[in-house]
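# Chain and residue survey
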Amino acid sequence: MKKITGSKKRISKVISVLIAILVWIFVIYSENPSIDFKLNAIDVQLINESSLLNKNLMIVEKNSISDASIVIRGKRQDLISVMGNISASVDLSQISEPGVYKLQPVFDIPSNAVYISKRNTRYIEVTVKEMEEKTVPVTIIQKNSDKNKSFIVESLPEKSTMTVKGTADDIERIDHAAIYIDVAAMTQTNSETYNYVFEDENNSEILPINDIISDQSILVKNNVYDKITLDINLSIPSDIDDKYTVELISQDVDQVSVGIKSLEGRNVQSITNITEFENLTPGTNKYQIKLIQPDGIYLPPESQYVTVELEVFEKEEKTLEVPLNVKNTSNKTYTLQNNTVQVSISGPKEKLTSDNIKAELNLDSVSGTGEQTVSVKPSTSEKDITIEDTEVFVNVIIEE
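Residues numbered from 1 in each chain as written. Predicted model: local features only at pLDDT ≥ 70, side-chain atom pairs only at ≥ 80, totals over all residues. Heavy atoms only, no water.

What follows deals with the pattern of salt bridges. It is possible for side chains bearing opposite charge to pair when their charged atoms get close. For the coordinates displayed, the defined rule picks out 8 salt bridges. Notably, a salt bridge pairs Asp215 with Lys159, separated by 2.9 Å at the nearest N-O pair. Taken together, the residues span a long stretch of sequence, with Asp215 in the loop between β15 (197–199) and β16 (218–235) and Lys159 in the loop between β11 (151–157) and β12 (161–166) at a distance of 56 residues. You can call Asp215 partly exposed: its relative accessible area is 29%. Across the pair Asp226 and Arg266 runs a salt bridge, and its minimum N-O distance is 3.0 Å. With Asp226 in strand β16 and Arg266 in helix α5 (residues 263–266), this pair connects stretches of sequence that are 40 residues apart. Among the charged side chains, a network of salt bridges with common partners joins Glu49, Lys62 and Asp211. (Salt bridge = Lys/Arg side-chain N within 4 Å of Asp/Glu carboxyl O. Helix = DSSP H or I, 4+ residues; strand = E, 2+ residues; numbered from the N terminus. Buried < 20%, exposed > 50% of the residue type's maximum accessible area, 1.4 Å probe, protein only.)

Encoded structure:
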């Protein structure tokens, strides 16, 4: 008989170990024994959340609610079959007031052959707060209106305001609900439902930390009108409240694109505005004027205002000695008792001079001879000067 060398003995041992491992694997899979398996990161569902909303309550900081963890036991093949189908939930129906609650999760395992051998998560902590309510305006922002060369679109939301509910911290940041509508290709009147975003007073989108309870979408009617361009004619009164005189220096736009709503609108030639002002300040300043929308015309919101630069003077009153200018084409011989007349005027201080006032005595309209009292009507070419004395009298002697 041949002797087995040391090298052959080692090979024989390795082969024996491999055979043992293969036998063990075969036994494990053929007998399918029960084992434990730890499951982490089980998403927790909130059941009966609507019952909280009915009580004006809500769950806050949902993102901080922890996942659940358990250890399940069962045969390997049964464990594999339920992987990914195990869920956890907590019932909110018994909560009736704000507070922090520790709720025991309920686990749903879709197999009777698998059971929980250990609960690593004993409870789920949720925070409940009372909801606040706020009414915010609905704002339409049209995109690409300048690209629609033939039509102007009037977008009218079904409701001008909406109610939002949520935590005080979230809703106090909301200034309005904004609907963005692309009108570049609109050629016919239509009604569509649009989603909206919440924005702050700077028109920046708000991403609430918690849920906001509000309408899902808003119906908007888009009225499509033929587009035309009209001149803007501003009428700035020279006198305001007997306190100021005003002079128009400039305006930022002279024309505006409008929509024709009716046959009446096709007869409109320009946007004419008789403007009233409040809170004027002496000096040169800029003011916003809201244009008056003529009947039959649609004036888009972004075109309803014109910025003007005005020079505002505070009015003063003054009585001046104004030289008489005598009109005498008939060459009458005459004598004046005074070569000037007193005239009371009001207006900007720097313009209240006799050079800006005229007083003409028309002898051609005077008949007869001797001493006569003749009416003189002072005048001025300055629109911001008011003549308080509409008529003054002079004595003149007409010689024979």
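From this point on, the discussion continues.
Glancing now at the layout of surface pockets. Approximately 240 Å³ is the volume attributed to the largest pocket. Around the largest pocket sit Val138, Ile140, Ile141, Gln142, Glu154, Ser155, Leu156, Pro157, Tyr298, Pro301 and Glu302, which together line it. Of all elements in the fold, only β10 (132–143) and β11 reach the threshold of two or more residues within the lining of the largest pocket. Taken together, the residues that form the lining of the largest pocket break down as 7 nonpolar, 2 polar and 2 charged. In this structure, the second largest pocket spans a volume of roughly 180 Å³. Forming the walls of the second largest pocket are 14 residues, and the residues nearest its centre are Ser145, Asp146, Ile152, Lys227 and Glu302. Looking at the lining of the second largest pocket, the element that brings in the most residues is β11, giving 3 residues. Looking at the lining of the second largest pocket residue by residue, the class counts come to 6 nonpolar, 5 polar and 3 charged. (1 Å grid on protein atoms, 1.4 Å probe; cavity = no way out; pocket = protein on both sides within 12 Å on 5 of 7 lines; lining within 4 Å. Points joined across faces, edges and corners; volume = space filled by probe spheres on them. Nonpolar A, V, L, I, M, F, W, Y, C, P; charged D, E, K, R; others polar.)

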